[in-house]
Amino acid sequence: MIKNDLFLKALRNETVERPPVWMMRQAGRYLPEFRALRDKYDFFTRCQTPELAAEITVQPIRIVKPDAAILFSDILVVPQAMGIEVLMKENIGPFLPNPIRTAQDVEQVRIPDIHESLGYVMDAIKLTKEMLNDEVPLIGFAGSPWTIFCYAVEGKGSKSFDTAKGFCFSQPEAAHALLQKITDTTIAYLKEKVKAGVNAVQVFDSWGGMLSPVDYQEFSWKYINQIVEALAPETHVIVFGKGCWFALNEMGQSKASALGVDWTCSARNARYLSGGQITLQGNFDPSRLLSPIPTIKKMVHQMIDEFGKDNYIVNLGHGILPNIPVDHAKAFIDAVKEYR
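Source: prediction; values computed, not measured.

> I keep staring at the UniProt feature "domain: Uroporphyrinogen decarboxylase (URO-D)" (unreviewed entry) in the chain and nothing clicks. Help me out?
Per the UniProt record, the feature "domain: Uroporphyrinogen decarboxylase (URO-D)" (unreviewed entry) sits at residues 20-29 and 139-155. Split by type, residues 139-155 is 59% helix and 29% strand. Its first and last C-alpha atoms lie 28 Å apart.

Printed below as a string of structure tokens:
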């Protein structure tokens, strides 16, 4: 039994004394201990070495003490496993030297054997579970098919992903074929993570907000929902779509256990749009952690009052920024623990 199961209670819609709290990218560059390992090992070495991934996952549990751990990994290990080369370039971020641009390119993409290509992730989960010693739940994650597609087609990060969108609109059959391959791989991957011991999974649709509401249904939600349908019988699924407030209604009718909300959508609107029953997660602006500590604590308490303490998981509206002082991150977590 997990000693602190507040996070799981919120996912089960149970009444709680206070909401649970964790932070997206909580195992990240704001922690000096994380930077020490980053300076020694390159990005994918850290992802692919179970001992390093496990150590990085538990660092924030020791230091800022959230109510859940999230496995240190990256959404781009999935396209890597599918035979798409992914590099992490200093000051640029992800770089894919051979982006997918034609139907022939799509045909070359393989659906991998998860054990062969991503076994190191399962090893990291088992090691992390040992290190956590049932103190808090462990979250596994994957990128949404659309978000992975964006990187695979664009070849790098982008402000608007025009190339990826153009591929969808000019070659829809090829686009859907690639999205389905990514979906099938992601379902198999997340099912293995559940078998390895994660207590919940989160799907990150970081670039969903690039699409119009109509195109979102066709090129993103349709595929996310396949993942939700496949995983919901086995575990709790959280869906986080950045900038996707317009899809909260459809999401709220799915089998997801919780929906992530970013800071551009108010608690009131999120509750209304999602139907008022489903657990919501979010939505503190990550930049707001640069505010003075008393302001952070006051704003966190206001945020909980607005969402309500039940059917709610306190989080940021996106990943924590590298320049956040550790004591400010702690103040965010502590504010939730002090909530009465």
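> Any chance you could explain the pattern of salt bridges here in plain terms?
The tally for this structure, following the rule as stated, stands at 12 salt bridges. Here D5 ties to K9 by a salt bridge, and the two come within 3.9 Å at their closest N and O atoms. Among the residues examined, K9 registers a relative accessible area of 27% and is labelled partly exposed. Salt-bridge contacts for E338 lead to K297; the nearest nitrogen and oxygen are separated by 3.1 Å. Separated by 41 residues along the polypeptide, E338 in the segment after helix 15 (326-337) and K297 in helix 14 (residues 293-307) bring together distant segments of the chain. In this structure E338 comes out as partly exposed when scored by relative accessible area, which is 41%. A single network of salt bridges, built from pairs that share partners, joins D5, K9, R12 and E14.

> What is the right way to look at the packing of helix 8 (residues 145-154) against helix 9 (residues 162-170) in this model?
Helix packing for two helices is described by the angle between their axes and how far apart those axes are. The N-to-C vectors of helix 8 and helix 9 enclose an angle of 105°; their axes lie 8 Å apart at closest approach. Between helix 8 and helix 9, the crossing angle belongs to the class labelled roughly perpendicular. Only D162, T163, A164, K165, F167 and C168 of helix 9 make contact with helix 8, whose side of the interface consists of W146, F149, C150, V153 and E154.

> Quick question: what am I supposed to make of the pairing of strand 4 (residues 138-143) here?
Regular strands place side chains that alternate from one sheet face to the opposite one. In terms of burial, strand 4 is a largely internal element, six of the six residues being buried. Alternating positions in strand 4 separate into two faces, L138, G140 and A142 on one and I139, F141 and G143 on the other, with burial throughout. When strand 1 (residues 69-70) meets strand 4, the two strands line up parallel, connected through two bridges. Along strand 4, the bridge assignment pairs A69 with L138. Sheet topology note: the strand 4/strand 5 (residues 200-205) ladder contains five bridges and is parallel. Among the inter-strand pairings, A142 is bridged to a residue of strand 5, identified as V203.

Definitions and limits used
- Residues numbered from 1 in each chain as written.
- Predicted model: local features only at pLDDT ≥ 70, side-chain atom pairs only at ≥ 80, totals over all residues.
- Heavy atoms only, no water.
- UniProt positions renumbered as here; feature names shortened; annotations may be inferred.
- Helix = DSSP H or I, 4+ residues; strand = E, 2+ residues; numbered from the N terminus.
- Salt bridge = Lys/Arg side-chain N within 4 Å of Asp/Glu carboxyl O.
- Buried < 20%, exposed > 50% of the residue type's maximum accessible area, 1.4 Å probe, protein only.
- Axes fitted to C-alpha atoms, helices over the stretch in contact; angles between N-to-C directions.
- Parallel < 35°, antiparallel > 145°, perpendicular 65-115°, else oblique.
- Contact = heavy atoms within 4.5 Å.
- Pairing = 2+ DSSP bridges.

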